[in-house]
Amino acid sequence: MKNILAALLAAVMLLSLVSFASAEGIQTIEAGKLTISTSPDFPPFEYTDDNEKIVGLEPDIMALICEKIGLELVMDAMDFDSALLAAQQGKSDAVVSGVTVTEDRKLVYDFTHTYITITQGIVSKEANNVTMENLKDQSIGVQRGTTGHIYAEDDFGEDSVVAYDTYTTAFQALMNDQVSCILMDDAVAKDYVAKNPGLVMNTTTYEPEDFAFGISKGNTALLEAVNKALDELIADGTVQKLIDQYMVD
């Protein structure tokens, strides 16, 4: 009996050591938790419900990833520019906020695998009907720090662009005719247009963009764990089901 108990105890200790070693390899800013920075005014990717809870496509994906890797998901809400900085400065473990993978951003984040591809769209009032052809003549609203912001300033100059901390304020400006249009990701544009009668979205000629999660630079163990879990969720169709659930046609 003593030999059996000793063997069982040894097995339990071995399993505990294996689990501890696995958990120990994933360094996060708070042990046992994965803290993400996000701007929850970006439906359907992340937004707040009637109870001020952060919900959406990306929170759902991250919750499933955390379940797989054994970490508790913590979401810190802030504007998009601050969300990017938080992960860059190590104040969050990752930025999860509809982030486009760019060469400049690769310098400060380790990106996960891509899980969706989007393009830029132009939202305006129906009466304005702003298109790619007449965009150069418009006052363009953007969310600060986004690829829409970068494209608009690069192509049309700073004087043509008005940057806002959130899309909520950008859309308020549009409705009050303070800007002619908003340049933004098409999946989000469709969501706003569907909820706001009188608005339309037109497509652009900008290149498609890959969305991924930006892990704080150098956190290789966390990146590998998140990628493994994300790949499994893509392979079994879970991610596509969530995309189909959240996206507006």
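Structure shown above.
In this convention, every chain numbers its residues from 1, walking through the sequence in written order. A pLDDT threshold of at least 70 governs which residues receive local features in this predicted model, and a stricter bar of 80 or more applies before side-chain atom pairs are shown or counted, although totals over entire chains, interfaces and linings include all residues. Computation of side-chain values: all heavy atoms of the structure, hydrogens and water removed.

A. Focus on the overall build of the protein chain. Across its full length, the protein chain carries nine helices and 14 strands. Principal-axis analysis of the C-alpha atoms places the extent of the protein chain at approximately 85 × 35 × 30 Å. Note on classification: 1.4 Å probe, protein chains only; a residue is buried when its accessible area is under 20% of the maximum for its type, exposed when over 50%, partly exposed between these limits. Out of the 249 residues in the protein chain, the part that is buried amounts to 47%. When checking whether two residues touch, look at their non-hydrogen atoms; a contact exists if any pair is within 4.5 Å. A sequence separation of at least 24 residues applies to 73% of the contacts in the protein chain between residues at least 6 apart. Summed over all atoms, the accessible surface of the protein chain reaches about 12,400 Å², with 52% contributed by carbon and sulfur. Under the convention used here, Asp and Glu are negative, Lys and Arg are positive, and both His and the chain ends fall outside the count. Charged groups are reduced to one reference atom each: NZ for lysine, CZ for arginine, CG for aspartic acid, CD for glutamic acid. In the protein chain, 15 positive and 40 negative side-chain charges are present, and the distance between their average locations comes to 7 Å. Only runs of H or I of at least four residues qualify as helices and only runs of E of at least two qualify as strands under DSSP, and these elements are numbered from the N terminus. The Shrake-Rupley method, run with a 1.4 Å probe, gives the accessible areas here. Residue values count only the displayed protein chains as cover.

B. View of the pairing of strand E14 (residues 209-216). Taken across its eight residues, E14 has seven buried, putting it largely inside the fold. The sheet contact formed by strand E6 (residues 94-100) and E14 spans four bridges and is antiparallel. Counted as the bridge partner of Ala94 is Ile215 from E14. Pairing between two strands is assigned when DSSP locates at least 2 bridges connecting them. Sheet analysis places strand E7 (residues 109-111) next to E14, joined by three bridges and oriented antiparallel. Note on E14: the bridge partner recorded for Tyr109 is Ser216. Relative to E14, strand E8 (residues 116-118) runs antiparallel, the two sharing three bridges. Note on E14: the bridge partner recorded for Ile118 is Glu209.

C. View of helix H8 (residues 220-235). Expected span of a helix, by definition, is 1.5 Å for each gap between consecutive residues, and there is one gap fewer than residues. The first and last C-alpha atoms of H8 sit 22 Å apart over 16 residues, in line with the 22 Å expected at 1.5 Å per residue. Within H8, burial applies to Leu222, Leu223, Ala225, Val226, Asn227, Ala229, Leu230 and Leu233. Where H8 is buried, its residues touch strand E1 (33-38), helix H2 (57-69), E7, E14 and helix H9 (238-246). One or two steps after H8, the chain reaches Gly237, where phi turns positive at roughly 90 degrees.

D. Up close: the nonpolar core. Within the largest apolar cluster, 48 residues are counted, with the highest numbers of intra-cluster contacts made by Phe45, Leu57, Ile61, Ile65, Tyr115, Phe171 and Met184. Among the elements that take part in this core, H8 stands out by supplying seven residues, more than any other. For this analysis, a nonpolar core means a set of buried residues of the types Ala, Val, Leu, Ile, Met, Phe, Trp, Tyr and Cys, connected via side-chain atoms within 4.5 Å. In this structure, Leu135, Val142, Val161 and Tyr206 belong to the second largest nonpolar core, which totals 11 residues.

E. Expanded view of the pattern of salt bridges. We define a salt bridge as a side-chain nitrogen of Lys or Arg found within 4 Å of a carboxyl oxygen belonging to Asp or Glu. In this structure the tally under the stated criterion is nine salt bridges. Between Lys33 and Glu30 there is a salt bridge whose closest N-O contact spans 3.3 Å. A relative accessible area of 23% means that Lys33 is categorised as partly exposed. Relative accessible area serves as the criterion here: at 39%, Glu30 is assigned to the partly exposed category. A salt bridge links Lys228 to Glu232, with the shortest nitrogen-to-oxygen separation between them at 2.8 Å. Of this pair, Lys228 and Glu232 are both found in helix H8, four residues apart, which corresponds to roughly one turn of the helix.

F. How the structure looks around the pairing of E1. The element E1 is extensively covered by neighbouring structure, given that five of its six residues are classed as buried. By the bridge criterion, six bridges tie E1 to strand E5 (residues 72-77) in an arrangement that is parallel. Note on E5: the bridge partner recorded for Leu34 is Leu73. As judged from the two bridges shared by E1 and E6, these two strands associate in the parallel manner.

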